[in-house]
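If you want the building blocks of each chain, they are given just below.
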Amino acid sequence: MPRLATALLGACCAVLPALAAAQDAQRREVADAAASLQAKVVEWRRDIHRHPELGNRETRTAAKVAEHLRGLGLEPRTGIAHTGVTAVLKGGRPGPRIALRADMDALPVTEQTGLPFASTATAEYRGQTTGVMHACGHDAHTAILMGVAEALVAMRDELPGEVLFVFQPAEEGPPEGEEGGASMMLAEGIFREFRPEAVFGLHVFSTLQAGQIGVRGGPLMAASDRFSIDVIGRQTHGSRPWGGIDPIVAAADLIGTAQTIVSRRTNISTLPAVVTFGAINGGIRYNIIPDRVELVGTIRTFDEDVRKAIFADLQNVATHVAAAHGATVEAHIPAETGNPVTANDPDLTARMLPSLQAVAGAGNVVDPSLTMGAEDFSYYAREVPGLFFFVGATPQGQDPLRAPSNHSPQFDVDESALDLGLRAMLQLTLDYLGGDTSG
Ligand SMILES: [Zn+2]
Ligand SMILES: [Zn+2]
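Quantities reported herein were computed from a predicted structural model and do not represent experimental measurements.

Engineer: Go over the coordination of the zinc ion (ligand 2) with me, naming the residues and quoting the values.
Structural biologist: Surrounding the zinc ion (ligand 2) are the protein donor atoms C136 (SG), H138 (NE2) and H203 (NE2), at 2.1 to 2.5 Å. Coordination of the zinc ion (ligand 2) draws on donor residues from a single chain, spaced C-x1-H-x64-H in sequence. Here the zinc ion (ligand 2) and the zinc ion (ligand 1) are spaced 3.1 Å apart, with C136 acting as a shared donor. Taken together, the residues span a long stretch of sequence, with C136 in the loop between β5 (128-131) and α4 (138-154) and H203 in strand β7 (residues 198-209) at a distance of 67 residues. For C136, a relative accessible area of 8% translates into the label buried.

Engineer: So what's going on with the coordination of the zinc ion (ligand 1)? Residues and values would help.
Structural biologist: Each protein donor to the zinc ion (ligand 1) is listed here as C136 (SG), E172 (OE) and H407 (NE2); together their distances run 2.0 to 2.3 Å. In this structure H407 comes out as partly exposed when scored by relative accessible area, which is 40%.

Engineer: With reference to specific residues and values, describe the domain arrangement of the chain.
Structural biologist: Per the domain assignment, the segments making up the chain are domain 1 (3-222 + 342-433) and domain 2 (223-339). Here the C-alpha centroids of domain 1 and domain 2 sit 37 Å apart. The partner domain 2 presents twelve residues to the 15 residues of domain 1 that form the contact. When domain 1 packs against domain 2, the two sides together hide about 900 Å² of surface, and 66% of this comes from carbon and sulfur. Among the residues domain 1 hides against domain 2, the three largest losses belong to A222, L370 and M372. Together they make up 51% of the total. Across the contact surface, domain 1 and domain 2 share zero salt bridges. Remark: the boundary between domain 1 and domain 2 carries two residue pairs in polar contact (both at pLDDT 80 or more). Those elements that place two or more of their residues in the side of domain 1 that touches domain 2 are β9 (218-221) and α10 (377-383). Per-element accounting of the side of domain 1 that touches domain 2 gives the leading share, three residues, to β9. For the side of domain 1 that touches domain 2, the per-class residue count stands at eight nonpolar, three polar and four charged.

Cut-offs and rules
- Residues numbered from 1 in each chain as written.
- Chains lettered and ligands numbered in written order.
- Predicted model: local features only at pLDDT ≥ 70, side-chain atom pairs only at ≥ 80, totals over all residues.
- Heavy atoms only, no water.
- Donors = N, O, S within 2.8 Å, 3.2 Å for Na, K, Ca; no water.
- Helix = DSSP H or I, 4+ residues; strand = E, 2+ residues; numbered from the N terminus.
- Buried < 20%, exposed > 50% of the residue type's maximum accessible area, 1.4 Å probe, protein only.
- Domains from an automatic or database assignment.
- Contact = heavy atoms within 4.5 Å.
- Buried area = accessible area lost by both parts, 1.4 Å probe.
- Salt bridge = Lys/Arg side-chain N within 4 Å of Asp/Glu carboxyl O.
- Polar contact = N/O pair within 3.5 Å; in protein donor to acceptor, adjacent residues only side chain to side chain.
- Nonpolar A, V, L, I, M, F, W, Y, C, P; charged D, E, K, R; others polar.

Written out as structure tokens, the structure is:
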């Protein structure tokens, strides 16, 4: 980023005084709009936080969003990919088309924040009753985009171009046996009916201090894929291992050898990768060697070729290590294709960086490290140039490295992040549509 910042600074200094004055005026307009909406956005976020809903079940949230959009004079389309809501705002002047995206779903987490608007909701999840909580901050994303819609509607006459608001369900994944999330929104045609030139999205993160924005061109968040490998032996008495084929020892060997896929075979000098076994299930009793051991895990990568290579390597290790023990495998690699890499378009990122610096202050826009977590914004960013950025959620005075992270039952969003997120989205929108960046 320093190289980029220097290049952009050079361009910035050449801005004509008239343009600079226009930018100043627009930045004041953004600040004023955000200030007038702040109380509402906080109230919306608290309300959504108090009433969290799991993926594909965001009926109350979606109804609230749709009612708000209708109240603004827009014509929302509802029920997309189960509970998704979209609406198009046509500006008063011709210009480009962009999409702004927020996710609406919560997680099966029992809240322990002690906030006055903490969730007490529960739901059925995988056959168990669990607490439900906005433990990833999607309540903030939804409230911010509702605020952005209201601000842009107020500026409609002067607005060049068109904006598609995308309120998406099930970013954390749909319930078992269901489809959902960004890929389903796209499959149901939201970008066919309205083809944007660019798509923008944000995420509040505990790893950054409130007031900070994290952004980088290129890969940002990992591709996430699930795998399952069943190692099949032949059951026998624990005292007579030679009477059967021991899938436990074969599985142990397989797990050990699989550690070399990243450490010995993957070029991790530019981008990291992870292969993790998350569960081993096999056997029932101390003196029975079982028939079968089940292994499941996750693969995280930042590059499509590396991703494919690791799939192939893991298949090889599974097949051949098992074979060396006389065992066989039923491997599903991947068992479930997760989100692809979330990568920011480098040109779009460079172009929009001054907008983010304008709202946060140049010193507060930082290059976040690669995030091994995955995000289904990646599907939109595969279709059209995308820019996804992080907004710091950890209050000043708390160490972001120690603060309860996203998905923790104590995760909390400093409410100043709502204001910064709103101003950032608004500034990006106005600068992009106006073609008015200093880059
Ligand atoms: Zn999450
Ligand atoms: Zn999230």
